[in-house]
Structure formats: C-alpha cells, structure tokens
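Residue-level structure breakdown
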Amino acid sequence: MHEAVQVSPEHPVLIDKFLDDAIEIDVDAVADGTRVLVGGVMEHIEKAGIHSGDAACSLPPYSIAEDEIEALRAQTQALARALGVVGLINVQFAIRHDTIYVLEVNPRASRTVPFVSKTIGLPLAKIATRAALGETLEPWLGWDGRELPHIAVKESVFPFVKFPGVDTVLGPEMRSTGEVMGLDYDFRKAYLKSQVAAGLPMPTAGKIFVSVRSRDKRAVAPLARRLTDLGFALVATPGTARVLGRYGVTVETIHKVGAGYRPNVVDLMKTGEIALVINTPDDGRARKDSAIIRSTAVAEDIPHYTTLDGAQAAIGAIEALLKGEHRVQSLQEYHAGLA
C-alpha cells in the first residue's frame, strides 16, 4: 500500500471485496431516455463468481422473493433514467443477506437479449432500435411487469470435449461457446430440457459419484439422501463418505484420486459404472488432483456438476424425468399463453 501511494499519489487505491454465497441476477431492459421497459429479471443458478456468460439462469427467478424482484426492476429503471440510456441496457446485481449490490451497468445489448426475447415474446432488439431512432416506448409499457405462465432456463454449452485434459471448473473468465434454452411450466422440467439440449442427458439409474470440498460437506447430505430415495447408489471419497454416513446415507467408499490406490473413481468412470458426477473442487493440490475426474467426465460423456446449486437443479430435473412429467410445446404455443 505504501509503494502504491508513492507510485501514483494522485490516484486512489481500489480494493475489491468478493461476495461469498451471493445470488447473481441479470436484468435486460430497453429505455428511450425517459421511459424504461424491463424485459427480464434472470436469476443465475450458480452463485456469484462465475462469469455471467457461463452461468445457467432462470427467467423468471426461481428462488428470490417478489419484493426483491420489484426492487431489482426499480433499480434498473432508476439507473437507465439517470444514465440517459436510449436503447438496450444490462445490469448485473448480486443479493447477499437481503442486500442488493450493483456489480455492473452496461448501456448496450447483452448476450441474453435473444434468450429474454424468446421467453417473453417481445423483439427487444427491434424495440431498442426504434427507441434509438426516436420512437417512444409507450406502446410497449403495458407489457411491463406482467407475470409469465412459463419458465425458461438458459444453459451454456462448453467446448471442453475439444480440449482433452482441460479442467472444467468455472470461474470469472468466460469459457462457453454457445447456449441453449429449456421451456416449461415449472423450473425442474425447464432445467431438464436445458440439460438435454446442452448434451447432458440425465440418468435414471446407476451409481453417482459425490466428492465435495469441506465447506460443502454438510450441505450435500440432503442432496445425497434425495438421490438414494430416487434409487441411485452413491460412491464417495473417504471424507465425503464419512459425513454422509453420519447423516444416515448409504454410500460406497472409494479411494481418492492421487492416493496411489486402485480402483478409484476414474477407473469406474472408464468402465461405465458412474452415471453422474458431483464434484465441488477445493483449492491447491486437492483441486489439481480432482481435475482428472472432471476431464474424464467430459471424455466419457458423463454429466457432471461442480457447484451444489447446479447439482440441486440437476436432481430436480432427474425427479421430473423419473415421473415422466415433461412434455414438448412449440415456442408459439408458449407465446399464445401470454395473450
């Protein structure tokens, strides 16, 4: 700090603080300088810290309260007016302990505009272009705030299969090369469709490998119990297995990768015994050792989740799949319900 002040005394020192366990939100809107049309409020499924282009998201939000959604809409409208935006605007928020933080304000189009437009049945890019040419948003404001009968999930598509051995853990740097969407009338079914569209078909039977970092061990227990209730067998490394055992969850213990003993989970994955992987990596050496698990999952075409939020959503999708609750409708049929 002393050196930084000496090098550039006229410039302040910027200190960033990371928000742990915060929910991230994206909002896309259109403004004409005075009026603001909020197109969509999207809740990220993964916690804040993963690039918004890589995170899965739900429109409308699936877990935050209605008063928080209204606060996000009001803040987006206030920001657009204060900045004098004419055209599209994207705002990224985070919610932690009931406090709303503004992460970014981008007075431009975002990659989520096509997703939002297909979900709500309004051509946001065309409306924004007309606003930029001087037209008012008045004809569209009647839509603002109406409730959607359906729910849409955006999932990212990654090129990891093209790069054998690359670790698939997501972070603040964008790694996806495309995206898909799933539409239905509840979150579980919409998430299921998004996973299938992204090339991650959900299993209906078999063994599921669970290995999570220390801070996630207690939280993974109820998810593990849901999986056993659905008829899956669980395989876990010693640390995770001990915690699950204390919660009364039946689990098979397997050697940790890098411990020097066989068989380990990579052996089981290569012989087709593992149907799904839940692996939240720790830092340092442990993360390096578990990277081979994630790269093997990609090579063997095994669905894998590196966050508990993603794993929880996947379990809900499996429940919907086993109950046979999913159905197919065209985009036009969904939009007909908006009339």
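Refer to the structure above for everything that follows.
The structure contained in this document is the topic of the report that follows. (Residues numbered from 1 in each chain as written. Predicted model: local features only at pLDDT ≥ 70, side-chain atom pairs only at ≥ 80, totals over all residues. Heavy atoms only, no water.)

Right, let's get into the nonpolar core. With 31 residues, the main nonpolar core has Tyr 191 and Ile 208 as its most contacted residues. Taken together, the elements giving at least two residues each to this core come down to strand E6 (151-157), helix H5 (187-197), strand E8 (207-212), helix H6 (217-229), strand E11 (274-280) and helix H10 (308-322). Residue contributions to this core peak at 7 residues, all from H10. When neighbours within four sequence positions are excluded, Tyr 191 is seen to be in contact with Ile 45, Val 153, Glu 155, Tyr 305, Gly 310, Ala 313, Ala 314 and Ala 317. In terms of nonpolar packing, the next biggest core, distinct from the first, is built from 22 residues, Val 30, Val 113, Phe 115 and Leu 148 among them. (Core = buried A, V, L, I, M, F, W, Y, C linked by side-chain atoms within 4.5 Å. Buried < 20%, exposed > 50% of the residue type's maximum accessible area, 1.4 Å probe, protein only. Helix = DSSP H or I, 4+ residues; strand = E, 2+ residues; numbered from the N terminus. Contact = heavy atoms within 4.5 Å.)

On to the layout of surface pockets. When its volume is computed, the largest pocket comes out at roughly 790 Å³. Around the largest pocket sit 27 residues that line it, and Lys 47, Arg 213, Arg 215, Thr 306 and Thr 307 are the ones nearest its centre. Secondary-structure elements contributing two or more residues to the lining of the largest pocket are strand E2 (36-47), H6 and H10. It is H10 that contributes the most residues to the lining of the largest pocket, 3 residues altogether. Across the lining of the largest pocket, the residue classes break down as 10 nonpolar, 6 polar and 11 charged. Approximately 640 Å³ is the volume attributed to the second largest pocket. In terms of lining residues, the second largest pocket is bounded by 24 residues, among which Glu 24, Gly 49, Gln 92, Leu 103 and Glu 104 are the most central. Only strand E1 (23-32), strand E4 (86-96) and strand E5 (99-106) provide two or more residues apiece to the lining of the second largest pocket. Top contributing element to the lining of the second largest pocket by residue count: E5, with 4 residues. Its residues placed into classes, the lining of the second largest pocket shows 8 nonpolar, 9 polar and 7 charged. (1 Å grid on protein atoms, 1.4 Å probe; cavity = no way out; pocket = protein on both sides within 12 Å on 5 of 7 lines; lining within 4 Å. Points joined across faces, edges and corners; volume = space filled by probe spheres on them. Nonpolar A, V, L, I, M, F, W, Y, C, P; charged D, E, K, R; others polar.)

Summed over all chains, the structure comprises 4 aromatic pairs. Taking 5.2 Å as the distance between ring centres and 35° as the angle between the ring planes, the aromatic pair formed by Tyr 185 and Tyr 334 counts as tilted. Of the two residues, Tyr 185 is situated in the loop between strand E7 (178-184) and H5 and Tyr 334 in helix H11 (residues 331-336); the sequence distance between them amounts to 149 residues. Taking relative accessible area as the criterion, Tyr 185 reaches 32% and is therefore assigned partly exposed. (Phe/Tyr/Trp six-rings, centres within 6.5 Å; stacked < 30°, edge-to-face > 60°.)

For the rest of this paragraph, the subject is the environment of Leu 183. Relative to the assigned elements, Leu 183 resides in strand E7. Take Leu 183: its relative accessible area is 11%, and that puts it in the buried class. Counting along the chain gives 145 residues from Leu 183 to Val 328, while the straight-line C-alpha distance between them is 8.7 Å. Apart from residues no more than four positions distant in its own chain, Leu 183 is found in contact with His 150, Ile 151, Ala 152, Ala 190, Lys 193, Leu 331 and Tyr 334.

Here we come to the pattern of salt bridges. Evaluation of the coordinates by the stated rule reveals 16 salt bridges. The shortest N-O distance in the salt bridge between Arg 73 and Glu 70 comes to 3.8 Å. Of this pair, Arg 73 and Glu 70 both sit in helix H2 (residues 66-83), 3 residues apart, roughly one helical turn. Relative accessible area serves as the criterion here: at 12%, Arg 73 is assigned to the buried category. Judged by its relative accessible area of 41%, Glu 70 is partly exposed. Asp 186 is the partner of Lys 189 in a salt bridge, and the nearest nitrogen-oxygen pair spans 3.6 Å. (Salt bridge = Lys/Arg side-chain N within 4 Å of Asp/Glu carboxyl O.)

What follows deals with the sheet that holds strand E9 (residues 233-236). On the basis of which strands lie adjacent, the open sheet formed by 5 strands has the order E10-E9-E8-E11-E12 and parallel pairing. The open sheet terminates on both sides in strands that have one partner only, identified here as strand E10 (252-253) and strand E12 (304-305). Across 2 bridges, the pairing between E11 and E12 is parallel. Paired with Val 277 across the two strands is His 304, which belongs to E12. Packing against the sheet, H6 makes contact with E8, E9 and E11, and its axis sits at approximately 175° to E8. (Pairing = 2+ DSSP bridges. Axes fitted to C-alpha atoms, helices over the stretch in contact; angles between N-to-C directions.)

With that out of the way, let us pick up the packing of H6 against H10. Their axes nearest at 11 Å, the elements H6 and H10 cross at an angle of 15°. By the angle class used here, H6 and H10 are roughly parallel. Two packed elements cross with a definite hand, and for H6 against H10 that hand is left-handed. Across the interface between the two elements, Ala 219, Val 220, Leu 223, Arg 226 and Leu 227 of H6 pack against Leu 308, Ala 311, Gln 312, Ile 315, Gly 316 and Glu 319 of H10. Split into classes, the residues belonging to the contact of H6 with H10 amount to 7 nonpolar, 2 polar and 2 charged. (Parallel < 35°, antiparallel > 145°, perpendicular 65-115°, else oblique. Left-handed = near helix turned anticlockwise from the far one by under 90°.)

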